[in-house]
Amino acid sequence: MSVYFTAITLLGAVTLVTAGSDLCPSGWVHHGSSCYLFVTDDTEDWMVAMFYCNSLNAKLVEIETRSEDDFLRSQLSHRRVTGNYWIGLSDIQREGKWVWSSTQTVPTYTHWFPGQPDNTRDQRSEDCVHMHALMGFLWNDFHCNAANNFICEQEMNVGMLVG
């Protein structure tokens, strides 16, 4: 069912049309105020994954609440995927200071696998975070040049202008 809003402006009437199925682009999944794209057919390193999401006017997913985390883990489990999925968290800029890539803010919610982050894999720096399949899609730090699947997040469309 579509919801119609009318706004009167100095230039005339503008109608904002929002339909439930049009809140997210085709192939994306809606939850809360965001749309999510689960990139399962391609693996990229963390930086390429970030640029890929940016090219879609999105970002690597930034998991801000338990509800959002539960939703994403449920989606991954339901899809029966076996790969690991990059999220937008890293300590690339300063070792030990984990921040979201789009805002450079420290997360208020995290869901690390026990013992993580550990920064110890093969004595390489593990500066990026993925949801690890064999760890129940809990968070694990890993070296950024590894090829992983990834999740893009985009704010929902508020509608389209019809004039």
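The structure this text deals with has already been given above.
In this text, all values refer to a predicted model and were calculated from it rather than measured experimentally.

Reading guide: rules and limits
Residues numbered from 1 in each chain as written. Predicted model: local features only at pLDDT ≥ 70, side-chain atom pairs only at ≥ 80, totals over all residues. Heavy atoms only, no water. Phe/Tyr/Trp six-rings, centres within 6.5 Å; stacked < 30°, edge-to-face > 60°. Helix = DSSP H or I, 4+ residues; strand = E, 2+ residues; numbered from the N terminus. Buried < 20%, exposed > 50% of the residue type's maximum accessible area, 1.4 Å probe, protein only. Salt bridge = Lys/Arg side-chain N within 4 Å of Asp/Glu carboxyl O. Disulfide = S-S within 2.5 Å.

Participant: Let's hear about the packing of aromatic side chains: which residues, and what values?
Facilitator: Under the definition given, this model contains six aromatic pairs. Aromatic pair Tyr-109 and Trp-139: ring centres 6.1 Å apart, planes at 80°, arrangement edge-to-face. With Tyr-109 in the loop between β7 (99-100) and β8 (128-132) and Trp-139 in strand β9 (residues 138-142), this pair connects stretches of sequence that are 30 residues apart. Side by side, Tyr-109 and Trp-139 carry an identical accessibility label, which is buried.

Participant: So what's going on with the pattern of salt bridges? Which residues, and what values?
Facilitator: Scanning all chains against the criterion turns up three salt bridges. Note that Asp-70 is salt-bridged to Arg-66, the shortest N-O span being 3.1 Å. Linking Asp-70 with Arg-66, this pair stays in helix α2 (residues 66-78), spanning four residues, or about one helical turn. A salt bridge links Asp-70 to Arg-73, with the shortest nitrogen-to-oxygen separation between them at 3.9 Å. Here Asp-70 pairs with Arg-73, and both are found in helix α2, just three residues apart, close to one helical turn. Bridged by salt links that share partners, the residues Arg-66, Asp-70 and Arg-73 form one connected network.

Participant: So what's going on with the state of the cysteines? Which residues, and what values?
Facilitator: All told, the structure shown has three disulfides when counted by the stated rule. The disulfide that involves Cys-24 links it to Cys-35, with 2.0 Å between the sulfurs. A torsion of -85° about the S-S bond marks the disulfide between Cys-24 and Cys-35 as left-handed. With Cys-24 in the loop between β2 (12-19) and β3 (29-31) and Cys-35 in strand β4 (residues 34-44), the pair connects residues that are eleven residues apart, well separated along the chain. A relative accessible area of 12% places Cys-24 in the buried class. Its relative accessible area of 0% is what places Cys-35 among the buried residues. Across the disulfide, Cys-53 is cross-linked to Cys-152 (sulfur-sulfur distance 2.0 Å). Torsion about the S-S bond of the Cys-53 and Cys-152 cystine: about -80°, corresponding to left-handed handedness. With Cys-53 in helix α1 (residues 46-55) and Cys-152 in strand β10 (residues 148-155), this residue pair connects regions lying 99 residues apart in the sequence. Judged by its relative accessible area of 0%, Cys-53 falls in the buried class.

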